[in-house]
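Structural overview for review
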Amino acid sequence: NGIKIASNIYTPKNYSKDKRYPAIVIAVPNGAVKEQAAGLYGQRLAEKGYITIVSDCMFFGESEGMPRQQDVIFSFPGVDSQRIYGLGICGGGGYLLSCGQMDKRLKKIATVSMFNTGAVRREGFQNS
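My aim in this report is to walk through the structure given alongside it, one point at a time. Bear in mind that the values here come from a model prediction, so they are computed numbers and not experimental data.

**Points about the environment of A46**
Note on placement: A46 falls in helix 1 (residues 37-47). Taking the relative accessible area as the measure of exposure, A46 reaches 4% and is therefore buried. Excluding residues that lie within four positions of it along the chain, A46 makes contacts with Y10, T11, P12 and T52.

**A look at the nonpolar core**
Counting residues in each nonpolar core, the largest one holds 12 residues, listed as Y10, I24, I26, V28, A32, A38, L45, A46, V54, Y85, L87 and I89. The residues touching V54, leaving out its near neighbours within four places in the chain, are A6, S7, N8, Y10, I26, V28, K34, A38, G39 and G42. Counting nine residues, the second largest nonpolar core, distinct from the first, contains V25, I53, L96 and L106.

**Some thoughts on helix 1**
Residues spaced three or four apart along an α-helix point in a common direction, a consequence of the helix completing one turn every 3.6 residues. Where helix 1 is concerned, the buried positions are A38, G39, G42, L45 and A46. Looking down the long axis of helix 1, one finds its buried residues gathered within 130 degrees of arc, a one-sided arrangement. In the core, the buried residues of helix 1 are packed alongside strand 1 (7-10), strand 2 (21-27), strand 3 (51-55) and strand 4 (79-89). Two residues or fewer after helix 1 comes G49, characterised by a positive phi angle close to 110 degrees.

**Some details on a nonpolar patch on the surface**
Residues L97, I109 and M114 make up a contiguous nonpolar surface patch of roughly 220 Å² in combined accessible area. Within the secondary structure, M114 is located in the loop between strand 5 (106-112) and helix 3 (117-123).

**Observations regarding the environment of V112**
Looking at the element boundaries, V112 is found in strand 5. Residues V112 and G88, spaced 24 residues apart in sequence, show a C-alpha to C-alpha distance of 6.3 Å. Discounting residues that sit within four places of it in the chain, V112 has contacts with Y41, L87, G88, I89 and C90.

**Quick notes on the sheet that holds strand 3**
Paired through backbone hydrogen bonds, the strands of a sheet run either parallel or antiparallel to each other. In spatial order, the strands read 1-3-2-4-5; together these five strands make up an open sheet with mixed pairing. If you trace the sheet from one side to the other, it starts and ends with strand 1 and strand 5, each paired once. Each strand axis lies, on average, 20 degrees off the axis of its neighbour in the sheet, ignoring direction. Relative to strand 4, strand 2 runs parallel, the two sharing six bridges. Looking at strand 4, one finds that A27 is bridged to G88. Contacting strand 1, strand 2, strand 3, strand 4 and strand 5, helix 1 runs over the sheet at an angle of about 170 degrees to strand 3.

Parameters and conventions
- Residues numbered from 1 in each chain as written.
- Predicted model: local features only at pLDDT ≥ 70, side-chain atom pairs only at ≥ 80, totals over all residues.
- Heavy atoms only, no water.
- Helix = DSSP H or I, 4+ residues; strand = E, 2+ residues; numbered from the N terminus.
- Buried < 20%, exposed > 50% of the residue type's maximum accessible area, 1.4 Å probe, protein only.
- Contact = heavy atoms within 4.5 Å.
- Core = buried A, V, L, I, M, F, W, Y, C linked by side-chain atoms within 4.5 Å.
- Arc of directions from axis to C-beta.
- Patch = residues over 30% accessible without salt bridge, like charges linked within 9 Å, V, L, I, M, F, W, Y side chains within 5 Å.
- Areas by Shrake-Rupley, 256 points an atom, 1.4 Å probe, with all protein chains shown as cover.
- Salt bridge = Lys/Arg side-chain N within 4 Å of Asp/Glu carboxyl O.
- Pairing = 2+ DSSP bridges.
- Axes fitted to C-alpha atoms, helices over the stretch in contact; angles between N-to-C directions.

Below, the structure is given as structure tokens:
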């Protein structure tokens, strides 16, 4: 939609664009920015040999868009298109599961402390 998304990309030590690496797209917790928990996961997973991308959501952090603070995978040299995975943290876990249903480039998805924002908005916390 023409909105610039701010991202940090973490690469393995001795990264070479001529090699192929598995990649992990990391979804940030609700209201978080790329430099927080998701960025730490990105750094650690890069140390394990993955290319990782952590983005500020549209309307958050350094990404563009209005209105601000309201709740796109691209090509990067060296990403093995057959080994793209997802890691969703907190609210990002729920979003990433939905994304994985539509975007078949994501081969596997894991979550940490997943929170299904959509269900809570529809039914209330613990169906309250």
